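Spelled out from the first residue to the last, the chains are:
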Amino acid sequence: MSTLAVVAAVSALLAVAVAVLAWRSRAQTPAAVPLAVGLFGSGLWAGAVAVMGAGAPPAVQDAMVFVEFAGVGTTVACFRLFFDAATGRPSRRTRTALLLVEPVLLLAVIAADPWMHWFHQTVVYVGDPPMRDSTHGPMFWLHSLYSYVVIASSFRDVLRLRSVSSGIVRRQATTMLVGVGIPVLANAVSITSPASVLPVDITPPAFVVSGIVFAYAVLAQDLLRLVPVARSLVVDTMSDCLFVVDATGRVVDLNAAGRNLLGELGTPGGEPVREAVGRPVEQLLPTVAQAMGAGEVTTVLCLGDGRSFDVRSRWIRDHRGQVLGRVVVVRDVTAVLDQQRALEQANEQLRSHVQTIEKLRADLAEEAVRDPLTGLRNRRRFVDDLTARLAESAAAGRPLSLVLLDVDHFKVINDTYGHAVGDDVLVAVARALGQHARPEDLVRYGGEEFVVLLPHLDAAAARVRAEDLRAACAHVRVAAADLRITISAGVATSPDHGTSPDELLLAADRALYEAKGGGRDRVALAE
């Protein structure tokens, strides 16, 4: 057995071993199946070369030609499918079927070659043991051209992946280029070199290196676990409309959502845009172009049909900072803005309800401290107010006077005219006090007694003020009974007559009784 046969046999075994390794990963990634089948095809290719190089009988070598090119066709088709999966490009059934057409036609041509001589024009056996020697026919060169075109397209996609990737994905792309490039380059040299220069096919030894490279990629670089996703797939699955505009304002790329937006909005003339690439963005989407402005911008575009779009434009620069164009992202935010407006309206209604509730609560709280008959503050709230006013006056070093007023002979009025007339009397007195009190004065009612707080007035001034209030109440008339009422009042001042609510009220009460004892309808000052 020749050295070439041994090397080819080792290549075949290594290719099949890596194929088995790849096949075990088929559940993890779709790239495993075409890689496994492609490596198996490479094993058939190298195995057939090994059998022919071992000096097999001519009939066996003729049969191995069929096996060899079955492996070649399988390798080319499956490596194309593997590169599609590895670079994130989906391989549709139609594409897969088309890639399998050439291997089937290739085997049909080889099967008919003994009669047609389209693939190998001449075939002779030389040496001992006899070795097959052939000259290539037109179909061989056509098959080679097709194979190299397919492989070149695969290399192009992997080079693109490598140029936009980094880290392990970039290293994986480099490994794929090396793993396939070595045997392809060796095969190209073998089929183009004359026998006098290169008497043996160096493709099988190249497959040994290729098998080692792919084994390293699968085992050390997680080639079948970390399969990259193509940028185009990511961009096309975005729900946002994306446009890439060059420096002259022409669209150079757009995703599926962008094409849908063009179909919806159309051109100003109403015709939908079919060929957007290369057209000025002002022609395709004039409203969006106007919103974009001349630089980077973030704005909301409102259309006449009620829809709203968030428009964001950003510069695209090269590594030297020069502007290459802009990327424009357009997002339909109609529903978001509608929800935001509805939320704002709901919040406004909620704030209005809260204000109403607060007002009702305040009204209820105020009603709880006011007398329902006269509308004046009752005794409970008055004590709180008096305590606060005393503290303020003491802190400021200023006096605070208190006038305690009582309707003369009120029990007689109730007994003679009834409680309804008595209530009218109290209401009339409360109204008179409220009309003649100063804005800073505080009027309180409890029973038939009224209390008026007089901030900043000393005893003498408070007595004068109390006389005014008494005189105002003297003019009160109750129409239902044609009554003329009189008022008695007692005046006390803090700090002269007390510094606490109880002390001040007690002093004023004593002065009131003094006024009543002195004949009523008068004002008395606390001692």
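Since the structure is predicted, the reported quantities are computational estimates derived from the model, not experimental observations. (Residues numbered from 1 in each chain as written. Predicted model: local features only at pLDDT ≥ 70, side-chain atom pairs only at ≥ 80, totals over all residues. Heavy atoms only, no water.)

A.B. asks: Which residues make up the packing of aromatic side chains, and what values go with them?
C.D. replies: Using the criterion set out here, one finds 4 aromatic pairs in the structure. Ring plane angle 80° and centroid distance 4.8 Å describe the contact between F69 and F119, whose orientation is recorded as edge-to-face. A residue pair is termed long-range when its members are at least 10 positions apart, and F69 in helix α3 (residues 58–86) and F119 in the loop between α5 (113–116) and β1 (120–126) qualify at 50 residues. With 5.3 Å between their ring centres and 85° between their planes, F140 and W141 make a pair best called edge-to-face. These aromatic residues form a ring-pair network of at least three members: F69, F119, F140 and W141. If you follow R326 out to its NZ or CZ, it ends over the ring of W315, 5.5 Å from the centre. (Phe/Tyr/Trp six-rings, centres within 6.5 Å; stacked < 30°, edge-to-face > 60°. Helix = DSSP H or I, 4+ residues; strand = E, 2+ residues; numbered from the N terminus. Lys NZ or Arg CZ within 6 Å of the ring centre and 35° of its normal.)

A.B. asks: So what about the pairing of strand β5 (residues 297–302)? Which residues, and what values?
C.D. replies: Note that β5 and strand β6 (residues 308–317) share 6 bridges and pair antiparallel. Within β6, the position partnered with V297 by the bridge is S313. (Pairing = 2+ DSSP bridges.)

A.B. asks: Can you lay out the environment of E514 for me, pointing to particular residues and giving the numbers?
C.D. replies: By the element assignment, E514 lies in helix α18 (residues 501–517). Contact partners of E514, with chain neighbours within four places excluded, come to A524, L525 and E527. (Contact = heavy atoms within 4.5 Å.)

A.B. asks: How would you sum up the environment of L426? Please name residues and give values.
C.D. replies: Turning to its location among the elements, L426 is positioned in helix α16 (residues 419–436). Each C-alpha atom of the pair L426 and V407 lies 8.2 Å from the other, and the pair is 19 residues apart in sequence.

A.B. asks: With reference to specific residues and values, describe the pairing of strand β3 (residues 241–246).
C.D. replies: Of all 6 residues that make up β3, 5 are buried, and the element is covered over most of its length. Direction of pairing for β3 relative to strand β7 (residues 323–332): antiparallel, over a ladder of 6 bridges. Pairing of C241 across the sheet is with V330, part of β7. Of the pairings in the sheet, the one linking β3 to strand β4 (residues 251–254) comprises 3 bridges and is antiparallel in character. Note that in β4 the partner of V245 across the bridge is V251. The turn joining β3 and β4, which pair antiparallel and follow one another in sequence, is formed by 4 residues; a positive phi near 90° is taken by G249. (Buried < 20%, exposed > 50% of the residue type's maximum accessible area, 1.4 Å probe, protein only.)

A.B. asks: Requested: an account of the pattern of salt bridges, with residues and values cited.
C.D. replies: Counted under the stated rule, the structure contains 15 salt bridges. Here D84 and R80 are joined by a salt bridge, their closest N and O atoms 2.5 Å apart. With D84 and R80 both in helix α3, this residue pair falls 4 residues apart, about one helical turn. There is no split in this pair, since D84 and R80 are both buried. (Salt bridge = Lys/Arg side-chain N within 4 Å of Asp/Glu carboxyl O.)

A.B. asks: So, the sheet that holds β4: which residues are in play, and what are the values?
C.D. replies: Taken in spatial order, the 5 strands line up as β4-β3-β7-β6-β5 in an open sheet, and their pairing is antiparallel. Since the sheet does not close on itself, it has two edges, and those belong to β4 and β5, each with one partner. Across the sheet, the mean angle separating the axes of adjacent strands is 20° when strand polarity is ignored. With 9 bridges connecting them, β6 and β7 associate as antiparallel partners. Across the sheet, D310 pairs through a bridge with R331, a residue of β7. (Axes fitted to C-alpha atoms, helices over the stretch in contact; angles between N-to-C directions.)

A.B. asks: I'd like a description of unusual backbone geometry, backed by residues and values.
C.D. replies: Going from S494 to P495, the amide bond is cis rather than trans, its omega being 10°. For P495, the location among the structural elements is in the loop between β13 (487–494) and α18. For H117, which is not a glycine, the phi torsion comes out positive at approximately 55°. Take H117: its relative accessible area is 40%, and that puts it in the partly exposed class. Phi at H456 takes a positive value of approximately 70°, unusual for a residue other than glycine. On the secondary structure map, H456 appears in the loop between β10 (449–455) and α17 (459–474). Take H456: its relative accessible area is 43%, and that puts it in the partly exposed class.

A.B. asks: Tell me about the side chain of T75, residues and numbers included.
C.D. replies: Its location among the elements puts T75 in helix α3. Residue T75 is classed as buried on the basis of its relative accessible area, which comes to 5%. One polar contact links the side chain of T75 to the main-chain amide nitrogen of S42, over a distance of 3.0 Å. Once you skip the residues sitting within four places of it in the chain, T75 turns out to touch G38, G41, S42 and W45. (Polar contact = N/O pair within 3.5 Å; in protein donor to acceptor, adjacent residues only side chain to side chain.)

A.B. asks: Any details on the packing of α3 against helix α4 (residues 93–111)? Residues and values, ideally.
C.D. replies: Following both chains from N to C, one finds α3 and α4 inclined at 170°, their axes separated by 9 Å at the closest point. Put simply, α3 runs roughly antiparallel to α4. Residues V65, F66, F69, A70, G73, A77, R80, L81 and D84 of α3 pack against R95, T96, L99, L100, P103, L106, L107, I110 and A111 of α4. When its residues are assigned to classes, the contact of α3 with α4 shows 13 nonpolar, 2 polar and 3 charged. (Parallel < 35°, antiparallel > 145°, perpendicular 65-115°, else oblique. Nonpolar A, V, L, I, M, F, W, Y, C, P; charged D, E, K, R; others polar.)

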